[in-house]
Every structure is written in structure tokens, then in C-alpha cells.
Amino acid sequence: MNAVDLKEILSNYKLTENEIDEIFKVVNHIYIHPEFQKRLTKEFLHHGNMTLGQHIIEDTITTYKLSKKYLNNNNYRLDLALKISMFHDLYTMPWQNNELAKENRFTNKHGFRHPVEAVINAYTWYKEDFENTIDAKIIVDGIIHHMFPFPVIVMDNRIINNRKLNNFELFKSMPEDIQDLIFESTSRCNFLNLSWSKTKYLEGKIMAKADKKSSLKQFNNLYGIFALVTGKNKSLRK
Ligand SMILES: [Fe+2]
Ligand SMILES: [Fe+2]
């Protein structure tokens with residue numbers, strides 16, 4: 001399947017060559033990976049008819065733009081904000097009209113579950129980005145809570161075997177320190193085995209804001225919004 005052209009996506013935003021360079025200096029290795037390229041094809045539709053890859057790139061540009069006012073803050077890490085954005089929706093299976101997703105119990109549906117799948121896949125495909133302990137903490141917490149105020153599943157040792165992650169085998173093979181970051185992040189503000197917390201770090205907060213901002217523009221009909229909860233999108237069946 002043909003992937004969506006990057007130039008076409010970038011042309012929707014007024015970015016200078018320098019700005020594009022500044023973004024891709026950080027994210028190019030993520031963008032060129034075959035798993036990311038697969039998500040730029042129609043196999044992975046995200047909101048309505050928009051591909052997942054296009055959604056992620058648009059979020060990353062929006063994250064970059066929203067980050068500008070924090071660049072004078074020495075503690076703010078633009079690179080981490082852009083990486084959180086590139087990783088945040090790297091879930092395993094296309095989710096709309098997915099038979100498997102419909103069988104899961106409500107609180108284990110795609111909306112609640114996909115940030116955890118995204119962390120596991122991001123770690124598996126881009127290990128070098130998780131080598132620094134502080135970076136890993138900020139990235140994991142940002143991905144896990146990017147849907148805030150929408151909650152995310154709690155992963156802890158008592159209930160983990162009930163969680164039907166599409167990439168649970170990969171989770172089991174992750175090093176303990178990265179698994180612990182997932183446990184710690186998802187166990188904050190636990191109510192009904194869902195974590196209602198926001199991320200602790202500014203980089204993730206900016207990215208979560210960018211995700212809401214660009215997602216609102218991307219829904220082309222009401223079916224797309226209902227699909228977020230039900231997993232079924234009538235307009236795509238036609
Ligand atoms: Fe998401
Ligand atoms: Fe997203």
C-alpha cells in the first residue's frame with residue numbers, strides 16, 4: 001500500500017527549512033523505521049480516513065510549535081517532547097472495526113490500553129532512546145498518560161495476567177527497570193483499575209495538549225468520535 005507522502009503532510013503547516021531540520025534531527029530514525037512506515041499506509045487508519053502515521057507526524061509538528069515558548073526554559077527537553085509524540089500511538093494492531101478489540105471487556109478496550117502497547121513497542125523498536133534512565137522515565141510517563149483526562153489501564157503484578165495486550169509477549173521480555181516504569185506510571189491515581197493521573201513532566205503535558213488539538217481537527221464525522229469508545233466505525237465499512 002502506498003504510504004502518505006511526508007512533503008504533503010508538511011505542506012499543511014507553515015514550517016521553515018530550519019524548523020523541519022530541527023524536528024527531523026530528533027525524529028528521523030523513528031520515521032524511517034519499517035514499523036513507522038507501515039503506519040503511514042491505509043492499513044493503519046487512525047481517525048476516520050487519516051493514517052496513524054500522518055496523525056503522529058501532525059501531533060509532532062503541533063508539539064514542536066507548542067514547545068516554542070518553553071525553549072528558554074533550560075529544563076525543557078524539546079527532543080523528549082518530540083519523541084513522546086512519535087511514540088505515543090505506536091499500538092500494535094489497527095484498531096477500528098477490529099474483531100479482537102470487540103471481545104475485550106470495556107476497561108481493556110483500545111482507548112484505555114493502547115498507551116501501554118505503545119510504550120512496549122517503542123522500547124522494542126527504539127531501545128537506544130530508553131538507555132538514559134531520566135529520559136526513559138519522562139518518555140514512558142508521557143506516552144502512558146498522553147490521553148489524559150481519559151484514563152489508562154493499570155499494569156501491576158496482581159492483575160497483569162488479565163490484561164489482553166496485543167504485545168504481551170514483548171512486555172514479558174522487557175528489562176525489569178523499564179517494566180517498573182510502566183508499573184509506576186500506571187499505578188498513580190488508581191480507581192477501578194484505571195489510572196486517572198496526568199503525566200508528571202512538562203514534555204508529556206505539552207504533547208498531550210498537541211494530541212487533543214490536532215485530533216479535534218482530524219475527526220471528519222461523528223462515526224469517528226463514537227469509534228473511540230466502541231471500536232466500530234460505520235463510515236469506514238462503506
Ligand atoms: Fe492515543
Ligand atoms: Fe494520538
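Residues numbered from 1 in each chain as written. Chains lettered and ligands numbered in written order. Predicted model: local features only at pLDDT ≥ 70, side-chain atom pairs only at ≥ 80, totals over all residues.

(A) Quick peek at the overall build of the protein chain. When you go through the protein chain residue by residue, the secondary structure sums to 13 helices and three strands. The buried share of the protein chain, taken over its 238 residues, is 39%. Summarising the internal contacts of the protein chain: among those between residues at least 6 apart in sequence, 78% fall at separations of at least 24. (Helix = DSSP H or I, 4+ residues; strand = E, 2+ residues; numbered from the N terminus. Buried ≥ 20, exposed ≤ 12 C-beta atoms within 10 Å, placed from the backbone. Contact = placed C-beta atoms within 7 Å.)

(B) Main features of the sheet that holds strand β2 (residues 190-191). The strand order across the open sheet formed by three strands is β1-β3-β2, and the pairing between neighbours is antiparallel. Here the strands that pair on one side only, and so sit at the sheet edges, are β1 (152-153) and β2. As paired strands, β2 and strand β3 (residues 194-195) are joined by two bridges and run antiparallel to one another. Across the sheet, the residue bridging to Asn190 is Ser195, located in β3. (Pairing = 2+ DSSP bridges.)

(C) Structural detail: the packing of helix α4 (residues 52-67) against helix α5 (residues 78-87). Relative orientation of the contacting elements α4 and α5 amounts to 155°, with a least axis distance of 8 Å. By the angle between their axes, α4 is roughly antiparallel relative to α5. Once α4 is placed against α5, the crossing between them reads as right-handed. Packed against α4, whose contacting residues are Ile56, Asp59, Thr60, Thr63, Tyr64 and Ser67, the element α5 presents Leu78, Ala81, Leu82, Ser85 and Met86 at the interface. Partitioning the contact of α4 with α5 into residue classes produces six nonpolar, four polar and one charged. (Axes fitted to C-alpha atoms, helices over the stretch in contact; angles between N-to-C directions. Parallel < 35°, antiparallel > 145°, perpendicular 65-115°, else oblique. Left-handed = near helix turned anticlockwise from the far one by under 90°. Nonpolar A, V, L, I, M, F, W, Y, C, P; charged D, E, K, R; others polar.)

(D) Layout of unusual backbone geometry. Note that the residue after Phe148, namely Pro149, is joined by a cis bond; omega there is 10°. Note on placement: Pro149 falls in the loop between α8 (133-144) and β1. A positive phi is found at Cys189, a non-glycine position, where the angle reads about 50°. Take Cys189: it is sitting in the loop between α10 (176-187) and β2. Overall, Cys189 belongs to the partly exposed group, with 13 C-beta atoms counted inside 10 Å. At Asn193, a position not held by glycine, the phi torsion is positive, near 60°. Within the element layout of this structure, Asn193 appears in the loop between β2 and β3.

(E) Examining the nonpolar core more closely. One finds Phe87, Val116, Val119, Ile139 and Ile143 to be the most contacted residues of the largest nonpolar core, which totals 49 residues. Looking at which element gives the most residues to this core, the answer is helix α7 (residues 110-125), with seven residues. Each residue touching Ile143, except ones within four places of it in the same chain, is listed here: Ile84, Phe87, His88, Pro115, Ala118, Val119 and Ala122. (Core = buried A, V, L, I, M, F, W, Y, C linked by C-beta atoms within 7 Å.)

(F) Layout of α10. If you check α10, its first and last C-alpha atoms are 16 Å apart, about what twelve residues at 1.5 Å a residue would give, namely 16 Å. Burial in α10 covers these residues: Leu181, Ile182, Ser185 and Thr186. Each buried residue of α10 sits inside an arc of 115° when the element is viewed along its axis, so together they form one side. Set apart from the buried face of α10 by more than 90 degrees, the exposed residues are Glu176, Asp177 and Asp180. Check the buried side of α10 and you find it contacts α7, α8, β1 and β3. At the exit of α10 stands Cys189, carrying a positive phi of roughly 50°. (Expected span 1.5 Å × (residues − 1). Arc of directions from axis to C-beta.)

(G) Summary view of the environment of Phe112. By the element assignment, Phe112 lies in helix α7. Linking Phe112 and Met147, residues 35 residues apart in sequence, is a C-alpha distance of 8.6 Å. Ignoring sequence-local partners within four residues, the contact set of Phe112 consists of Thr107, Pro151, Val152, Ile153 and Leu194.

(H) Quick peek at the packing of α7 against α8. One way to put it is that α7 packs onto α8 with a least axis distance of 8 Å and a crossing angle of 145°. Seen from α7, the contacting residues are Pro115, Val116, Ala118, Val119 and Ala122; seen from α8, they are Val140, Ile143 and Ile144. Of the residues assigned to the contact of α7 with α8, the class counts are eight nonpolar, no polar and no charged.

(I) Local environment of the environment of Asp129. Mapped onto the secondary structure, Asp129 falls in the loop between α7 and α8. With 20 C-beta atoms counted inside 10 Å, the residue Asp129 sits in the buried group. Residues Asp129 and Lys83, 46 residues apart in the sequence, show an inter-C-alpha distance of 8.4 Å. Setting aside residues up to four positions removed in sequence, Asp129 forms contacts with Lys83, Asp135 and Ile139.

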